[in-house]
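Survey of secondary and tertiary structure
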Amino acid sequence: MNFSLAELVPLLPEIFLLAMLSLILIVDTMLKDEQRTGTYVLTLLTLAGCAWLTFSGHRAEPVHVFSGMFVDDTLSDVLKLALYLAVAFMLVYSRGYLQARGLFKGEYYVLTLFATLGMMVMISASHFLTLYLGLELLSLSLYAMVALPRDSATATEAAMKYFVLGAIASGMLLYGMSMVYGSTGSLMLTDVSVALQEGTGQKVPLVFGLVFIVAGIAFKLGVVPFHMWVPDVYHGAPTAVTLFISSAPKLAAFAFAIRLLVQGLEVLHSDWRDMLVLLAVLSMGVGNIAAIAQSNIKRMLAYSTISHMGFLLLGILAGSQNGYSAAMFYSVVYAMMSLGSFGIILLLSRQGFESEELDDLKGLNQRSPWAAFLMLLLMFAMAGIPPTVGFYAKLSVLQAVVEAGFVWLAVVAVLFSLIGAFYYLRVVKLMYFDEPLQTAPIEAPGDMRLALSVNGLAMLALGILPGPLMAVCLIAVQSSL
Amino acid sequence: MPPLSLVIWVPILGGLIVLATGGDKNAPLARVLALIAAALGFIVSIPLYTGFDLHTSAMQFEELVPWIYRFNVNYHLGVDGISMPFILLNSFTTLLVVMAGWEVIRKKVAQYMAAFLIMSGLINGVFASLDAVLFYVFFEAMLIPMYLVIGVWGGPNRVYAAIKFFLYTLLGSLLMLVAFIYLYFQAGNSFEILDYHKLAIGMTAQELLFVAFFLAFAVKVPMWPVHTWLPDAHVEAPTGGSVVLAAITLKVGAYGFLRFSMPIVPDASHELAWLVITLSLIAVAYIGLVALAQADMKKLIAYSSIAHMGFVTLGFFLFNPLGIEGGLVQMISHGFISGALFLCIGVMYDRLHSRQIKDYGGLVNRMPVFAAFFMLFAMANSGLPATSGFVGEFMVIMGAAKVNFWYAFVAATTLITGAAYTLWMYKRVVFGKVTSPQVEEMQDINKREFLILGVLAVCVLGMGLYPKPFTDVMHASVDNLIAHVGQSKLP
């Protein structure tokens, strides 16, 4: 095994992130509490640096390094860029919230960066072990972030639940991977794929292992019946952390699913397709119906996530490049919608007041017409109503599903999204039709207002011109898979 | 700028500008800007009529710009004799609605006006789209402003009505979306509606597609038994909302039958025509009786709309020129008449804040000018000859008689029930002694209201006496449609 320094080049973003992370860890200890903004700025700069490195280091052809354990391809570059953007927006949104609650500490930023590093490794992994390492780095950071307000009983309870269930899921995943290893004799995704094509592996342990792998993926995506943690964690975690969990990790989870199921186990497509059909239908059903019954907006959005992830699975199970790119488009769009929606919730939270109940949105149009308008765009995007970008996300997934011959599945999906439309409409109803319960003015730092406006208007702008982003997703999938 | 893009984007941009005037302290500015935008929107739609070639059934004023390469979606616009009149009707109605809301709407004026302007542009887009995705985008997007209009400025039960309106319409249209995606693959990756027209499709697929389209458009028309959202929405919506709903958005559903169901799946349309005709006749006969029992004027007109739209769908599925042209004429005429009736009820509501028939009586003593206008529109609604209401109904009944005597017989009962519910309501509201002190204090219509109702009265009478300008533009397209629908598309 020979190793040259050139092997490190595709890893530059990860290396830079890790170096900056260590630097921030040290610098933060020297900052006084009132200088903490320094950490915040440094974190954002780190992300910007990563983005530049990823962008400038982009190559059209996939590059495998570290004996094939790590891959740098267009898919990973695009997803990483979306990831930096999502994390940066999340940091901008959460600053005011954290400051008001005494959570504005270095730990939050360091953990965020660790989680980001974990997601980057997941996105670029081409080996079962790298995938697992990335996943654990992400998960452990998230467990700690959920428990950040350590005096809060709900937060610690949520963290505990998340940890226990997450550990079980990781165990299942490892078990599944070990079976695939036993059958094919390799942990390298490409080798596994080759072994499967040649038909050397034994079928029974393979499918058995596949079940566990799918269960692990399903847990990470939060789809039914592995969704139990989602509402509790979303609800219990501080909103700034919920915002994080609900956005960027979905991109990583998408990459995770694609790497495992498509790059590694595509030969078993007919086997995992049927499992995903079940997961997708259940998620869309349970997610959309349970969301109606929620009065807590964080729980409502948690169930909405479940249903969206079901929709995303539809794209993957279609089993074509068309479908994968549709799912990728969906995951990017979903991350944006989720960021914006939680951003508005953070906007409404103030010192000593958590905006958690749906009723807190009442009369928002009278308190702040602009915020209400942005939320309106976000909610219609979530419901998939044109001219917002959410419609094109649904359209491209449905198109892939119909192409794969599952017209009935498309019909089921649209019927459930009809049910889903109800609770998004209810949010709009609260904002526009009802009288406000609160009259306190809505204050937010300028950077947050700007970011929220960009985020909300992006729903409309991408809805009017969805072509470029769709094309990017298609190119990424075509050149990488 | 090409005319079709203008009729879509001028009102939308106007709406955004109006929206930018902000809070209610700028309300006068918002009103003036809205009026200018609505007038401009109407002016830019006139070239569509003057420049229209009567002798071709091809699409005119076409525009084609690639939009989403990934799915081969194009910004493809064009009108024929079937869609063009509705763009004019819509632009015209928007102008009236802006005027009608002038001093009546006092809260969130800019948002109200902007919602109607944006909706007007979107509806024009629905009629002008020749690409299925583009059509769908406009078709769905127009729900958003209407949802807000009903919910924000509506009556006491507005929330229920708004959500019901939205979900009902969404239910139908989502299945239509699946149908579009299916057709996309059948047509070799194309969302062009005109490509769908040429497509050979097997019978089972045709039937399923027909059902998907039927649900989408039947909800929108609305046909019995999926009509229940309409009375709720009409009653709770502010006057302007009711006018646009009745005059325009119901027409979108009927238009969909002509543009999608009949040409794309002609064999299934023929086979399932009995279903549409039966439902239409139930709407005509039964809903007419339901209207008779209403105590709320808006609800009465809402049911009357359902009955009149039953005539439209009946006419279409007779597959003869009289039926289809009669249906189209009925659509335009109903746009004028129902719009006018809702405006009349709005005039009364603004003064007495009640829509209940029993709260009125003897109005003619206090508001003679208004009573005269109201009389004309009530007569037109019952299909009096020399008003526009007569032309369409007569053509459809003639068309029905050619196919089956009993169709014509049931349809003709509307001449009795329609007259009964409209004129009975008119009698109770307008004639008799002044019973309540509030009615005693009512003022006759002002110049603004006179202008609005006067223009509509001219339209109703003009179309009734000389319908030729309206039917001329339709001939070529309707003949082409009938020829097209007559050919089997089975492979």
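As the structure is a prediction and not an experimental result, all values here were calculated from the model. (Residues numbered from 1 in each chain as written. Chains lettered and ligands numbered in written order. Predicted model: local features only at pLDDT ≥ 70, side-chain atom pairs only at ≥ 80, totals over all residues. Heavy atoms only, no water.)

Helices and strands together make up the secondary structure of chain A, namely 20 helices and two strands. The C-alpha atoms of chain A give a radius of gyration of 21 Å, which matches the 23 Å a tight globule of 481 residues would have. Considering only C-alpha atoms, chain A reaches an extent of 70 × 55 × 40 Å along its principal axes. Buried positions account for 64% of the 481 residues belonging to chain A. (Helix = DSSP H or I, 4+ residues; strand = E, 2+ residues; numbered from the N terminus. Rg over C-alpha atoms; globule rule 2.2 N^0.38 Å. Buried < 20%, exposed > 50% of the residue type's maximum accessible area, 1.4 Å probe, protein only.)

Of the volumes computed, that of the largest pocket is approximately 1300 Å³. F373(A), L460(A), L16(B), L19(B) and I118(B) are the residues nearest the centre of the largest pocket, which is lined by 44 residues in total. Those elements that provide at least two residues to the lining of the largest pocket are α15 (364-367), α16 (369-383) and α19 (446-464) of chain A together with α1 (3-20), α4 (109-128), α5 (132-141) and α6 (143-153) of chain B. The element best represented in the lining of the largest pocket is α4(B), accounting for seven residues. By residue class, the composition of the lining of the largest pocket is 35 nonpolar, seven polar and two charged. Considering only enclosed or pocket space, the second largest pocket measures out at about 610 Å³ in volume. Residue lining of the second largest pocket: 34 residues in total, with V104(B), I105(B), T239(B), Y349(B) and D350(B) positioned closest to the centre. (1 Å grid on protein atoms, 1.4 Å probe; cavity = no way out; pocket = protein on both sides within 12 Å on 5 of 7 lines; lining within 4 Å. Points joined across faces, edges and corners; volume = space filled by probe spheres on them. Nonpolar A, V, L, I, M, F, W, Y, C, P; charged D, E, K, R; others polar.)

Once that is clear, we can look at the packing of aromatic side chains. Residue and element names in this part refer to chain B. Using the criterion set out here, one finds 55 aromatic pairs over all chains in the structure. Between the aromatic rings of F214 and F257, the centroid separation amounts to 6.0 Å while the plane-to-plane angle is 50°, which identifies the pairing as tilted. Here F214, found in helix α9 (residues 203-220), pairs with F257, found in helix α11 (residues 239-264); they are 43 residues apart in sequence, far enough to count as distant. The exposure classification of F214 matches that of F257, with both residues buried. Chaining the aromatic ring pairs together yields one cluster made of F135, F139, F180, F210, F213, F214, F217, F257, F260, F317 and F319. Geometry around F139 places K220 over its ring, the cationic atom sitting 4.9 Å from the centre. (Phe/Tyr/Trp six-rings, centres within 6.5 Å; stacked < 30°, edge-to-face > 60°. Lys NZ or Arg CZ within 6 Å of the ring centre and 35° of its normal.)

So, on to the side chain of D80(B). All names here are of chain B. If you trace the backbone, D80 turns up in the loop between β2 (73-79) and α3 (84-100). Polar contacts involving the side chain of D80 include one to the side chain of R259, which spans 2.9 Å. The contacts of D80, once residues within four sequence positions are left out, are F52, S57, A58, M59, P85, R259 and S477. (Polar contact = N/O pair within 3.5 Å; in protein donor to acceptor, adjacent residues only side chain to side chain. Contact = heavy atoms within 4.5 Å.)

Within the fold, L171(B) resides in helix α7 (residues 158-186). Look at L171(B) and you get partly exposed, because its relative accessible area is 30%. For the pair L171(B) and F374(B), spaced 203 residues apart in sequence, the C-alpha to C-alpha distance is 36 Å. Ignoring any residue separated from it by four or fewer positions in sequence, one finds L171(B) in contact with L415(A) and L418(A).

Residue and element names in this part refer to chain A. Contact geometry for helix α6 (residues 153-184) and helix α8 (residues 203-221): axes closest at 7 Å, N-to-C directions at 150°. When the interaxial angle is binned, α6 and α8 end up roughly antiparallel. Between α6 and α8 lies a crossing of left-handed hand. Of the residues contributing to the contact of α6 with α8, the split by class is 16 nonpolar, seven polar and one charged. (Axes fitted to C-alpha atoms, helices over the stretch in contact; angles between N-to-C directions. Parallel < 35°, antiparallel > 145°, perpendicular 65-115°, else oblique. Left-handed = near helix turned anticlockwise from the far one by under 90°.)

The subject of this paragraph is the environment of V312(B). Residues and elements named next belong to chain B. Structurally, V312 can be placed in helix α14 (residues 297-316). Considering only alpha carbons, one finds V312 and M348, 36 residues apart in sequence, at a separation of 29 Å. With residues near it in sequence (within four places) discarded, V312 still touches A254, G327, Q330 and M331.

Our next topic: the interface of chain B and chain A. Opposite the 32 residues of chain B that make contact, chain A presents 41 residues. For the pair chain B and chain A, the summed buried area comes to about 3300 Å², and 82% of that belongs to carbon and sulfur atoms. Our count for the chain B to chain A interface comes out at zero salt bridges. Viewed at the interface, chain A and chain B are joined by six residue pairs in polar contact (both at pLDDT 80 or more). Only β1 (60-68), α5, α6 and α7 of chain B provide two or more residues apiece to the side of chain B that touches chain A. Sort the elements by how many residues they give to the side of chain B that touches chain A and α7(B) lands first, with 16 residues. (Buried area = accessible area lost by both parts, 1.4 Å probe. Salt bridge = Lys/Arg side-chain N within 4 Å of Asp/Glu carboxyl O.)

Counting residues in each nonpolar core, the largest one holds 382 residues, and the members touching the most others are W272(A), F316(B) and F377(B). When residues of this core are assigned to their parent elements, the largest contribution, 19 residues, is made by helix α14 (residues 321-348) of chain A. In contact with F377(B), other than residues within four places in its own chain, are I337(B), A340(B), L341(B), C344(B), L453(B), L456(B), A457(B) and V460(B). (Core = buried A, V, L, I, M, F, W, Y, C linked by side-chain atoms within 4.5 Å.)

It is worth spelling out the pairing of β1(B) at this point. Residue and element names in this part refer to chain B. As paired elements, β1 and β2 share six bridges and run antiparallel to each other. What sits directly across from L64, in β2, is H76. Hairpin remark: β1 followed by β2, antiparallel, with four residues in the connecting loop; positive phi at N72, about 60°. (Pairing = 2+ DSSP bridges.)

It is worth spelling out the pattern of salt bridges at this point. All chains considered together, the criterion is met by 17 salt bridges over all chains. The partner of K80(A) in a salt bridge is E14(A), with the nearest N and O atoms 2.7 Å apart. Taken together, the positions of K80(A) in helix α3 (residues 74-100) and E14(A) in helix α1 (residues 12-30) put the pair 66 residues apart, joining distant regions of the chain. You can call K80(A) buried: its relative accessible area is 1%. A relative accessible area of 5% places E14(A) in the buried class. Across the pair R448(B) and E449(B) runs a salt bridge whose closest N-O atoms are separated by 3.8 Å. Of the two residues examined, R448(B) and E449(B), each falls in the buried class. Residues joined in a network through salt bridges with shared partners are E157(A), K161(A), D232(A) and R299(A).

What follows concerns helix α11 (residues 248-264) of chain A. Compared with the 24 Å implied by 1.5 Å per residue over 17 residues, the 23 Å span of α11(A) between its first and last C-alpha is a close match. Most of α11(A) is tucked away, with 16 of its 17 residues classed as buried. (Expected span 1.5 Å × (residues − 1).)

Residues and elements named next belong to chain A. Taken together, the side chains of L140, M160, F163, V164 and I168 make up a nonpolar region of the molecular surface, amounting to roughly 460 Å² of accessible area. Per-element accounting of the nonpolar patch gives the leading share, four residues, to α6. By secondary structure assignment, the location of F163 is in helix α6. (Patch = residues over 30% accessible without salt bridge, like charges linked within 9 Å, V, L, I, M, F, W, Y side chains within 5 Å. Areas by Shrake-Rupley, 256 points an atom, 1.4 Å probe, with all protein chains shown as cover.)

Here the focus is the environment of A293(B). Residue and element names in this part refer to chain B. Residue placement: A293 occurs in the loop between α13 (273-292) and α14. Given the relative accessible area of 65%, A293 is considered exposed. Along the chain, A293 and Y421 lie 128 residues apart, while their C-alpha atoms are 8.1 Å from each other.

Residue and element names in this part refer to chain A. Tallying each qualifying case throughout the model produces seven cavities of 30 Å³ or more. The volume enclosed by the largest cavity comes to roughly 140 Å³. Forming the walls of the largest cavity are 14 residues, and the residues nearest its centre are L138, L142, Y162, K220 and P249. Secondary structure elements with two or more residues in the lining of the largest cavity: α5 (128-146), α8 and α11. Approximately 80 Å³ is the volume found for the second largest cavity. Along its surface, the second largest cavity is lined by N288, S307, H308, F311, Y330, M382, A383, K394, S417, G420, A421 and Y424. Among the elements of the structure, α13 (297-317), α16 and α18 (407-433) are those that each provide at least two residues to the lining of the second largest cavity. Sort the elements by how many residues they give to the lining of the second largest cavity and α18 lands first, with four residues. Split by residue class, the lining of the second largest cavity holds six nonpolar, five polar and one charged.

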